[in-house]
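# Observations on the three-dimensional arrangement
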Amino acid sequence: MRQLLNTLFVTTPNAYLRLEGETLCVEVEREKRLQVPLHHIGSVVAFGDVMLTPAVLRRCAQDGRGVVLLDRNGEFSARIEGPVSGNILLRQAQHDAAGNALTALGIARACVVGKLRNARQVLLRGAREAKNTEDTQSLQQASRLLANQIRKLPEVVDLDLVRGLEGDGARIYFAAIPLLIRANQRKVFNFERRSRRPPLDRFNALISFLYTLLVNDCRSALEGVGLDPQLGFLHAVRPGRPALALDLMEEFRPIMVDRLALTLINRGQLTEQNFESRVGGAVYLSEQGRKVVLTAYQQRKQEELTHPLLEQTVAIGLLPHVQARLLARTLRGEMEGYLPFLTR
Amino acid sequence: MLILVTYDVSTETPAGRRRLRQVAKACLNYGQRVQKSVFECKVDQAGLEALQRYLLKIICEEEDSLRIYRLTEPLERNVQEFGKFRAVDFEAPLIV
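Residues numbered from 1 in each chain as written. Chains lettered and ligands numbered in written order. Predicted model: local features only at pLDDT ≥ 70, side-chain atom pairs only at ≥ 80, totals over all residues. Heavy atoms only, no water.

### A short note on the overall build of chain B
The helix and strand inventory of chain B stands at three helices and five strands. Counting from the amino terminus, helix and strand elements in chain B follow one another as β-α-β-β-α-β-α-β. On the principal axes, the C-alpha backbone points of chain B span a range of 40 × 30 × 25 Å. Expressed as a percentage of its 96 residues, the buried residues of chain B come to 40%. Split by element, the accessible area of chain B, about 6200 Å² in all, is 48% carbon and sulfur. (Helix = DSSP H or I, 4+ residues; strand = E, 2+ residues; numbered from the N terminus. Buried < 20%, exposed > 50% of the residue type's maximum accessible area, 1.4 Å probe, protein only. Areas by Shrake-Rupley, 256 points an atom, 1.4 Å probe, with all protein chains shown as cover.)

So, in structure tokens, the structure goes:
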């Protein structure tokens, strides 16, 4: 089993990263803040103006440690990659599958089933925990609607219809999300609908930031098993778009992001002060807010649960790797069809 | 696993001082310095063996001594920390 390696997040402006022997040093104003042996680090995520020496970039690319550069708001700007390695036969199988409408449809459908099933679990849990019967009923109603969408999926034989069901499902789900926010937090987190580029309210800012982290993790997982992260099944291919990473991410969105966001809000770990508004109505997490979220995300990844298919305990952070491997097996024809990860 | 590497390297000769620096550097590649000649390293079996082999190449067994302890889990119960120094947990969220 693969080990869950840590991610180093550098959020301090003007931090300087360099190699020292087999360790990575982070300096701020010429003072060493952290020195970590490379063997603990799976990837480096740098926010805004962070300096990395050429040696760090080269070494990380060589070892296959991801280096991701995000802008100050946490939006993706670049990623540094070493030479493409892995299994050409697997990638060939992936390309063949993408060219085969039936196989592609099957995988796309599985991704949507994963997303909607897990989204439904989030709503059902909300319904169990709701404080008044009105909320409980609305949440149960929304989860019934989601169940309907899920039931329709196996019959759908057209990729666009699968995408349509996914879109409708997402709308039903997001419409119910405000009910999962505790009453005393609803004024600060007045989420109405999903908005991105830019996020227009605090909840959107929070989940957009977390989705960026998650898509990077999914991308690394795919690259780790030798799949091409850009060739997707559900998401159409577009230059620069990690379509397969977005496909893989669908099933994890509700459990690794939405649920975590709700916990942070409902426990009061994030407040109004952790966000900043920009001209034009964009809302972003503040530097302090980002630290809270990054810490929570990393801790969440360490939590373990039982994978229903493998019947093994797995750290949540390794789920994308496990699922990427299952996807590879499907593409190789060793498995009937792809099975998404489903929470209970 | 967490291991504790401690050493005494003779500093009487320039060669000894050189070995001391080399040993410290090697340990840093695997973990962190928690006291002057005490290092805590989180390694797997392969890492432990590599580190041990590497250190044995550096030290002079007639003059120096090296001790490697293996700490049993759970660490939060078996390691206590007092005083001004706080060790970094390399497996906890790393945010600078």
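### Notes on the overall build of chain A
In terms of helices and strands, chain A carries ten helices and twelve strands. Seen along its three principal axes, the alpha-carbon backbone of chain A occupies a region of about 60 × 50 × 40 Å. By residue count, 54% of the 344 residues in chain A fall in the buried class. In chain A, the proportion of contacts linking residues at least 24 apart, taken out of those at least 6 apart, comes to 60%. On chain A, roughly 16100 Å² of surface is accessible, and the fraction owed to carbon and sulfur atoms is 48%. Taking the average location of the 46 positive side-chain charges in chain A and that of its 36 negative ones, the two points are 2 Å from each other. (Contact = heavy atoms within 4.5 Å. Lys, Arg positive; Asp, Glu negative; His and termini not counted. Charge placed at Lys NZ, Arg CZ, Asp CG, Glu CD.)

### Regarding the sheet that holds strand β1 (residues 6-10) of chain A
In any sheet, the strands associate via hydrogen bonds between backbone groups, in a parallel or an antiparallel arrangement. Read across the open sheet, the five strands follow the order β8(A)-β7(A)-β5(A)-β1(A)-β5(B); overall the sheet is mixed. Two strands lie at the open edges of the sheet, namely β8 (76-80) of chain A together with β5 (94-95) of chain B, each paired on one side alone. As defined by bridge partners, strand β7 (residues 66-70) of chain A adjoins β8(A) across four bridges and the pair is classed as antiparallel. Each bridged residue has a counterpart across the sheet, and for Leu69(A) the counterpart in β8(A) is Ala78(A). Strand contacts of helix α6 (residues 202-225) of chain A: β1, β5 (41-47), β7 and β8 of chain A, with the helix running at about 20° to β8(A), the strand carrying the most contacts. Docked against the sheet, helix α9 (residues 287-302) of chain A engages β1 and β5 of chain A together with β5 of chain B, running at close to 175° with respect to β1(A). (Pairing = 2+ DSSP bridges. Axes fitted to C-alpha atoms, helices over the stretch in contact; angles between N-to-C directions.)

### A few points about helix α4 (residues 133-152) of chain A
Residue and element names in this part refer to chain A. For α4, built from 20 residues, the straight-helix expectation of 28 Å at 1.5 Å per residue is met to within 8% by its first-to-last C-alpha distance of 29 Å. Every buried residue of α4 is listed here: Asp 135, Thr 136, Leu 139, Ala 142, Ser 143, Leu 146, Ala 147, Gln 149 and Ile 150. Axial view of α4: buried residues confined to an arc of 155°, hence all on one face. Facing away from the buried side of α4 by more than 90 degrees, the exposed set consists of Thr 133, Glu 134, Gln 137 and Arg 151. Check the buried side of α4 and you find it contacts α3 (101-129) and α5 (159-176). (Expected span 1.5 Å × (residues − 1). Arc of directions from axis to C-beta.)

### Side note on the domain arrangement of chain A
All names here are of chain A. Segmenting chain A into domains produces domain 1 (6-80) and domain 2 (88-332). If you average the C-alpha positions of domain 1 and of domain 2, the two centres end up 27 Å apart. Taken together, the contacts link 15 residues of domain 1 with 16 residues of domain 2. Sorting the residues of domain 1 by area buried against domain 2 places Phe 9, Asn 73 and Arg 79 first, and these three jointly supply 40% of that buried surface. Here Glu 223 and Arg 79 are joined by a salt bridge, their closest N and O atoms 3.2 Å apart. Linking domain 1 with domain 2 are three residue pairs in polar contact (both at pLDDT 80 or more), by the criterion used here. Of all the elements, β1 adds the most residues to the side of domain 1 that touches domain 2, at three residues. Residues belonging to the side of domain 1 that touches domain 2 are distributed by class as follows: six nonpolar, six polar and three charged. (Domains from an automatic or database assignment. Buried area = accessible area lost by both parts, 1.4 Å probe. Salt bridge = Lys/Arg side-chain N within 4 Å of Asp/Glu carboxyl O. Polar contact = N/O pair within 3.5 Å; in protein donor to acceptor, adjacent residues only side chain to side chain. Nonpolar A, V, L, I, M, F, W, Y, C, P; charged D, E, K, R; others polar.)

### Let's talk about a positive patch on the surface
Residues and elements named next belong to chain B. Together, Arg 17, Arg 18, Arg 21 and Lys 25 line one region of the surface with positive charge. Inspection of the secondary structure assignment puts Arg 21 in helix α1 (residues 14-28). Judged by relative accessible area, Arg 21 falls into the exposed class, the value being 56%. (Patch = residues over 30% accessible without salt bridge, like charges linked within 9 Å, V, L, I, M, F, W, Y side chains within 5 Å.)

### Remarks on the packing of helix α8 (residues 253-266) of chain A against α9(A)
Packed helices, taken two at a time, are described by the angle their axes make and the gap between the axes. All names here are of chain A. Relative to each other, α8 and α9 sit at 125°, their axes nearing to 11 Å. Judged on the interaxial angle alone, α9 and α8 are oblique. Every pair of crossing elements has a handedness; the one defined by α8 and α9 is right-handed. For the pair α8 and α9, contact is made by Ile 255, Met 256, Leu 260 and Leu 264 and by Val 292, Val 293, Ala 296, Tyr 297, Arg 300 and Lys 301, respectively. (Parallel < 35°, antiparallel > 145°, perpendicular 65-115°, else oblique. Left-handed = near helix turned anticlockwise from the far one by under 90°.)

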